[in-house]
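Okay, here's what each chain looks like letter by letter:
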Amino acid sequence: MTSTGKPPLDDPRRGTGSPKIKSRENAKDTLCRNVTIYGRCRYEDKGCAFNHDPHKVNAAYQDSNKRRLNVDSPSFTPSLLSSNGSSPTTSSATTKKVTTISPKAANAAPFQPRNISSRSNTSTPSARQETMSPDWSVAEVQEFVPQAFDTSHLASLQGNGNGSVPAASPFDPFVTAPNPLSAASAVSSVQANAFPHDTAAAAAALGGAAFFAGQSGFQQPVQYHLYAPIGPHSQNTLGYQRNVHDLFLPNEFREELQKKTAATLQILPNTQLPAQVDYFHSLVPLDLNHQKNAAIFGFPSWVYKAQSSKDGNFYALRRLEGFRLTNEKAIRSVQAWKRVCNGSVVTVHDAFTSRSFQDSSLIFVTDYHPLSKTLAEQHLGSGARFQGRHNAHIPEQVLWGYMTQIANGLKAIHSNGLAARVIEPSKILLTGRNRIRINACAILDVVQYDSQRSVGDLQRQDLVNFGQLIVTLGANSPNVMHNPTKAMEHFTRAYSPQLKNSVFWLLNGMQKDQDRNIDIFITGISSQLMSTFDSALHLDDELTSDLSRELENGRLVRLLTKLNLVNERPEYEHDRQWSENGERYFLKIFRDYVFHQVDAQGDPVVDMGHVLTCLNKLDAGTDEKIALVSRDEQSCFIVSYKELKKALESSFQALLKPSRRLH
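Residues numbered from 1 in each chain as written. Predicted model: local features only at pLDDT ≥ 70, side-chain atom pairs only at ≥ 80, totals over all residues. Heavy atoms only, no water.

An unreviewed UniProt entry lists the protein chain under the name PAN2-PAN3 deadenylation complex subunit PAN3, with Aspergillus tanneri given as the organism. UniProt's Subcellular location (unreviewed entry) comment on the protein chain is quoted here verbatim: "Cytoplasm". (UniProt positions renumbered as here; feature names shortened; annotations may be inferred.)

Draft legend 1. Local environment of the overall build of the protein chain. Along the backbone of the protein chain there are 21 helices and 13 strands. Sorting the 663 residues of the protein chain into buried and exposed places 35% on the buried side. Counting every atom, the protein chain has about 40,600 Å² of accessible surface; 52% of that belongs to carbon and sulfur. (Helix = DSSP H or I, 4+ residues; strand = E, 2+ residues; numbered from the N terminus. Buried < 20%, exposed > 50% of the residue type's maximum accessible area, 1.4 Å probe, protein only. Areas by Shrake-Rupley, 256 points an atom, 1.4 Å probe, with all protein chains shown as cover.)

Draft legend 2. Spatial organisation of the packing of helix α13 (residues 455–475) against helix α15 (residues 497–507). Direction vectors running N to C along α13 and α15 enclose 140 degrees, while the axes themselves pass 7 Å from each other. Between α13 and α15, the interaxial angle falls into the category oblique. You can see that α13 and α15 cross each other, and the crossing is left-handed. Packed against α13, whose contacting residues are L463, V464, F466, G467, Q468, I470 and V471, the element α15 presents V503, W505, L506 and L507 at the interface. Of the residues that constitute the contact of α13 with α15, the class distribution is nine nonpolar, two polar and no charged. (Axes fitted to C-alpha atoms, helices over the stretch in contact; angles between N-to-C directions. Parallel < 35°, antiparallel > 145°, perpendicular 65-115°, else oblique. Left-handed = near helix turned anticlockwise from the far one by under 90°. Contact = heavy atoms within 4.5 Å. Nonpolar A, V, L, I, M, F, W, Y, C, P; charged D, E, K, R; others polar.)

Draft legend 3. Inspection of a nonpolar patch on the surface at higher detail. Together, M530, F533 and L537 line one region of the surface with nonpolar side chains, adding up to about 320 Å² of accessible area. By secondary structure assignment, the location of M530 is in helix α17 (residues 526–549). For M530, a relative accessible area of 55% corresponds to the exposed category. (Patch = residues over 30% accessible without salt bridge, like charges linked within 9 Å, V, L, I, M, F, W, Y side chains within 5 Å. Salt bridge = Lys/Arg side-chain N within 4 Å of Asp/Glu carboxyl O.)

Draft legend 4. Quick look at the nonpolar core. With 58 residues, the main nonpolar core has L399 and F466 as its most contacted residues. For this core, the element with the highest residue contribution is helix α11 (residues 396–415), accounting for nine residues. Within the second largest apolar cluster, 23 residues are counted, among which are W578, I589, L612 and L618. (Core = buried A, V, L, I, M, F, W, Y, C linked by side-chain atoms within 4.5 Å.)

Draft legend 5. Seen up close, the packing of aromatic side chains. The final tally for this structure, using the stated rule, is 14 aromatic pairs. Ring centres of F299 and F323 lie 5.4 Å apart, and the angle between their planes is 85 degrees; this geometry places the pair in the edge-to-face category. Taken together, the residues F299 in the loop between β4 (280–285) and β5 (301–308) and F323 in the loop between β6 (314–321) and α8 (328–332) connect sequence positions 24 residues apart. Between F491 and Y495, the ring centres sit 4.9 Å apart and the planes meet at 40 degrees, which makes this aromatic pair tilted. Following the ring pairs from residue to residue traces out a cluster consisting of Y279, F280, Y315 and F352. When the ring centre of Y279 is taken as reference, the NZ or CZ atom of K310 above it lies at 4.1 Å. When the ring centre of F357 is taken as origin, the NZ or CZ atom of R319, which lies over that ring, is 4.2 Å away. (Phe/Tyr/Trp six-rings, centres within 6.5 Å; stacked < 30°, edge-to-face > 60°. Lys NZ or Arg CZ within 6 Å of the ring centre and 35° of its normal.)

Draft legend 6. How the structure looks around the confidence of the model for the protein chain. Here the protein chain averages 74 in pLDDT, and 65% of its residues register 70 or above. When the criterion is pLDDT under 50, residues 80–100 qualifies, and its contacts beyond four places in sequence or with other chains add up to 21 contacts. (pLDDT = per-residue confidence, 0-100.)

Draft legend 7. Local environment of the side chain of N465. Along the chain, N465 turns up in helix α13. With near-sequence residues (within four places) excluded, N465 lies in contact with R421 and I423.

Draft legend 8. Spatial organisation of the pairing of strand β8 (residues 361–367). Of all seven residues that make up β8, six are buried, and the element is covered over most of its length. With seven bridges connecting them, β6 and β8 associate as antiparallel partners. Within β8, the residue paired with E321 across the bridge is S361. Pairing between strand β7 (residues 348–354) and β8: six bridges, direction antiparallel. In the sheet register, D350 faces β8, and the bridge partner there is V365. As consecutive antiparallel partners, β7 and β8 are separated by six residues, and within that stretch Q358 has a phi angle of approximately 65 degrees, a positive value. (Pairing = 2+ DSSP bridges.)

Draft legend 9. The arrangement of α17 in detail. Taking 1.5 Å per residue, 24 residues should reach 34 Å; α17 reaches 35 Å between its end C-alpha atoms and fits that length. Looking only at α17, the buried set comprises Q528, S545, D546 and S548. Residues of α17 that are buried in the fold lie against α7 (251–264), α11 and α15. (Expected span 1.5 Å × (residues − 1).)

Draft legend 10. Quick look at unusual backbone geometry. Within the chain, N434 stands out as a residue other than glycine whose phi angle is a positive 60 degrees. Looking at the element boundaries, N434 is found in the loop between β10 (428–432) and β11 (435–438). A relative accessible area of 40% places N434 in the partly exposed class. Here the phi dihedral of A442 falls at roughly 75 degrees; this positive angle occurs in a residue that is not glycine. As for its position among the elements, A442 is in the loop between β11 and α12 (443–447).

Draft legend 11. Representation of the sheet that holds β4 within the structure. The antiparallel open sheet is built from six strands, whose spatial order is β3-β4-β5-β6-β8-β7. Each end of this open sheet is capped by a strand with a single partner; those strands are β3 (276–277) and β7.

Draft legend 12. Up close: the packing of α13 against helix α14 (residues 484–494). Across the interface, α13 lies against α14 with an axial gap of 10 Å and an inter-helix angle of 65 degrees. One finds that α13 runs roughly perpendicular with respect to α14. Crossing geometry of α13 relative to α14 is assigned as left-handed. The residues of α14 that touch α13, namely those facing I470, V471, G474 and A475, are A487, M488, H490 and F491. Among the residues making up the contact of α13 with α14, the classes are represented as six nonpolar, two polar and no charged.

Structure representation (structure tokens):
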């Protein structure tokens, strides 16, 4: 006996739901329902009159079709037409009138419905409900039929328990769209196409809803649940080979972002560095070696990562040890560098002197790029553990990418009447894949403020330093410029004539007989600029595609937040059983259906596809029905996602209403 007090399906005493036996001969050609449902019948040897061999039934069915369907069979002529394509006894206790089709109906005009209501409003026949047992063991899967979008469907989803439409909630923190249904997510009850970029399947999944240009009147809300992947797309996989990883950021990109975040938040609890340097704190050294090097700036320099107490952001602090400021105008020259805003130049924010390191130090504040390397560390082996290893040859296309980015940065610097003055492999940062930035600018403007060289000479010197940098990188040796002839011979053998001529032009930048500036150089390498620009556009498309994959996550987070606000709430309005009563009990069992399923061996079902599918169907409020079983297996409910969505919305709105407690 079941919890409802009725015999099980495989009990001979249960008459409802079993086929009617006209005779013993008819029974032997009918497959037993117990075999269909349970795979076997326990009363097979106890007098059950039905057939228990599916193969014999199929063979008999095929033989009967061969006998009945042949060339001598009479043509079919319909004589009766039931209402809505159903049986004569439908949707009410009274029998509908059956009409006969007239032969003149063939010439009638085609039927044009004025209004199409949702099939979800069609209820189960009441006469059938009286005979059908509520103890359902197997839920029937109904065939999905596309249907039109109806405003009554919106009202039914937003309605309360008695079917009326409640007033709009004054505030819903988890709905960003103007209409709460605009954020619904979409998976059809029987998904004909597993990939939502198919427009036909997407229209069918929404019940045939579509936009029509020039149509006036009611316009359906924007369908935020439609997930359309944005290019570029991989051509190596077929449509059915997509997996869960296609809905999220690529693992390599996600891991890179997480590593950069971890490096940004890194701290040193036991350090001898000062706890506070002006308005910066939590200093972490970024230098890979502890050797003092004063060859470039004339003073030993150190780089730290620090957090600002003004805005909470992280910055890089470059400290010049032992510097004494003699001219107040020198440090004011940094103000001009604040106007340089270019993607190929590390932005300079501030400069000040400090005695926090127990000496007189000059501090420069620049942008912090986590996990960045210098070109010397990347290509010349500077700071590497094994100094004797041969460095890899830099491809010409990569070298052209470096040149175009440095030229872009120098153009922005020279256009502001400044000079970089420091174009060294150890001062060019590699912040991403072939993405470089000119660093340590403005330092020599302060340190060598009293220098008599003009800005024009310094800008021409930038071109020479630029050429020497490219030769050094191409030769994979930091000391190659000590022998320029040998260096250019290697460059000629390894790279194209265009690259060699461009480097020659830069190395001759100090000649007074010709007008040489960065604009002329950029004009000469315009073809390579287009190639680099095209690569940047492809990277932008790739990042946009990766970002679009995360678009759905915020919607599902809001849905999960609503579920967790309702599920197993200890008390609400002095009612300790509030979350266990009524429609909230369905939501609790639904959570077990989504997250706590087990397989045949009792192991947890950890299936991301199952979770996403269930949450999307809940957010969309589809008409698909599922069987929810309580934990004690004493209660079983057949509910639709539409009813679950209605229960979730009404329960959440109950939490938002003002408290009725007496003060």
